[in-house]
Amino acid sequence: MRRYLEGLKFGMLLQLAVGPMCLMVFNTAKGSGFWIAFSLVSAIALVDAFYIILAAFGISRLLEEEHVRKIIQFFGGFILVLFGLNIILGVFHVSIIPGLNVKITTGNIFLQGLVLTLSNPLTIVFWGGVLTAKIAENDMNKIALAIFSSGLVSATLFFLTTVAGFGTVVSTFLPERISDLLNMLVGAVLMWLGLRMMSKKK
């Protein structure tokens, strides 16, 4: 239990760095309700767990190779830019990604969450660094590492579920114009991160 709480506490500290997926969860809850937003949260947590497992297996070392990193950065950045632009154009009822202009459901928002979170596989390098540091610091064995990692994933679930709940409450009194501005903000942040990822040298 101690290892799990350590992972939960450390994961919550990481969640305080509010990112684009956090904004997307809030925006989804505000526009489509808690359960659809929770589907998005589940997708994000699932990818986090997947990347943590890959990092534990040492895949992060492969992604440190320069030619592999460049290909992944460009591909991931392009996906972020595409989704960000689609969200912005969605305010004007235009879609550039087939299938995403339909009504949001738990199924298609889960798929969007998977694609967007998977679009930055260099996250594996980050988790690899975190796990390596924790193993060295606390001399963890495989079981302790698995318990610690489950705490990290739980932090993602807990934090983003809270964000979804907050977004649902806010939706009851938020004007439509502000809602559109938030959509455009989320899209702009995704595009900015995508362009930065595509142009990043290191």
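Residues numbered from 1 in each chain as written. Predicted model: local features only at pLDDT ≥ 70, side-chain atom pairs only at ≥ 80, totals over all residues. Heavy atoms only, no water.

A. Representation of the overall build of the protein. If you tally the helices and strands in the protein, you get eight helices and zero strands. For the protein, the N- to C-terminal ordering of α and β elements is α-α-α-α-α-α-α-α. In the protein, which comprises 202 residues, the proportion classed as buried is 42%. Contacts spanning at least 24 positions in sequence make up 84% of the contacts within the protein whose residues lie at least 6 apart. Working note: accessible area of the protein is about 11,200 Å², and carbon and sulfur atoms make up 71% of it. (Helix = DSSP H or I, 4+ residues; strand = E, 2+ residues; numbered from the N terminus. Buried < 20%, exposed > 50% of the residue type's maximum accessible area, 1.4 Å probe, protein only. Contact = heavy atoms within 4.5 Å. Areas by Shrake-Rupley, 256 points an atom, 1.4 Å probe, with all protein chains shown as cover.)

B. Quick look at helix H1 (residues 2-15). Helix length check: H1 (14 residues) gives 20 Å between terminal C-alpha atoms against 20 Å at 1.5 Å per residue, within 8%. When H1 is considered as a whole, its buried residues turn out to be Arg3, Gly7, Gly11 and Gln15. The arc that holds the buried residues of H1, viewed along the axis, is 110°, so those residues lie on one side. Opposite the buried face of H1, by more than 90 degrees, sit the exposed residues Arg2, Lys9 and Leu13. (Expected span 1.5 Å × (residues − 1). Arc of directions from axis to C-beta.)

C. Looking closely at the pattern of salt bridges. By the definition in use, this model includes two salt bridges. Across the salt bridge formed by Glu6 and Arg2, the nearest N and O atoms sit 2.9 Å from each other. Here the residue Glu6 and the residue Arg2 both occupy positions in helix H1, the gap between them amounting to four residues, near one helical turn. (Salt bridge = Lys/Arg side-chain N within 4 Å of Asp/Glu carboxyl O.)

D. Structural detail: the nonpolar core. Core analysis: the largest hydrophobic core is formed by 26 residues, its most contacted members being Met24, Val25, Leu40, Leu116 and Leu160. Among the elements of the structure, helix H2 (20-32), helix H3 (34-56), helix H4 (66-90), helix H5 (106-118), helix H7 (142-170) and helix H8 (176-199) are those that each provide at least two residues to this core. With six residues, H2 is the largest single contributor of residues to this core. Among all residues touching Val25, those that are not within four sequence positions of it are Ala37, Leu40, Val41, Ile44, Leu160, Val163 and Ala164. (Core = buried A, V, L, I, M, F, W, Y, C linked by side-chain atoms within 4.5 Å.)

E. Just the packing of aromatic side chains, in detail. Across all of its chains, the model carries six aromatic pairs by this definition. Relative to Trp35, the ring of Phe34 has its centre 5.0 Å away and its plane inclined at 80°; by these criteria the two rings are edge-to-face. Residue classification places Phe34 among the partly exposed positions, given a relative accessible area of 25%. Residue Trp35 is classed as exposed on the basis of its relative accessible area of 61%. (Phe/Tyr/Trp six-rings, centres within 6.5 Å; stacked < 30°, edge-to-face > 60°.)

F. Layout of H3. A rise of 1.5 Å per residue sets the reference length of H3, with its 23 residues, at 33 Å; its end C-alpha atoms lie 32 Å apart and thus fit the reference within 8%. Two residues or fewer after H3 comes Gly58, characterised by a positive phi angle close to 90°.

G. Structural detail: the packing of H2 against H7. Direction vectors running N to C along H2 and H7 enclose 40°, while the axes themselves pass 7 Å from each other. Taken together, the axis directions place H2 and H7 in an arrangement best described as oblique. At the point where H2 passes H7, the crossing takes the right-handed sense. Contacts between H2 and H7 involve Cys22, Val25, Phe26, Ala29 and Lys30 from the former and Phe159, Leu160, Val163, Ala164, Phe166, Gly167, Thr168 and Val170 from the latter. Taken together, the residues that form the contact of H2 with H7 break down as 10 nonpolar, two polar and one charged. (Axes fitted to C-alpha atoms, helices over the stretch in contact; angles between N-to-C directions. Parallel < 35°, antiparallel > 145°, perpendicular 65-115°, else oblique. Left-handed = near helix turned anticlockwise from the far one by under 90°. Nonpolar A, V, L, I, M, F, W, Y, C, P; charged D, E, K, R; others polar.)

H. Here's a closer look at the side chain of Ser119. Mapped onto the fold, Ser119 is located in the loop between H5 and helix H6 (123-138). Taking the relative accessible area as the measure of exposure, Ser119 reaches 3% and is therefore buried. Those residues in contact with Ser119 that lie beyond four places of it in its chain are Gly76, Ile79, Leu80 and Met197.

I. Broad picture of the confidence of the model for the protein. Taken over all residues, the pLDDT of the protein has a mean of 79, while the share at 70 or more is 87%. Mean pLDDT values over the elements of the protein span from 73, in H6, up to 90, in H3. (pLDDT = per-residue confidence, 0-100.)

J. Region of interest: a nonpolar patch on the surface. Taken together, Leu85, Phe92, Val94 and Ile96 make up a surface patch of nonpolar side chains, about 330 Å² in accessible area. Topologically, Ile96 is positioned in the loop between H4 and H5. Given a relative accessible area of 36%, Ile96 falls into the partly exposed group. (Patch = residues over 30% accessible without salt bridge, like charges linked within 9 Å, V, L, I, M, F, W, Y side chains within 5 Å.)

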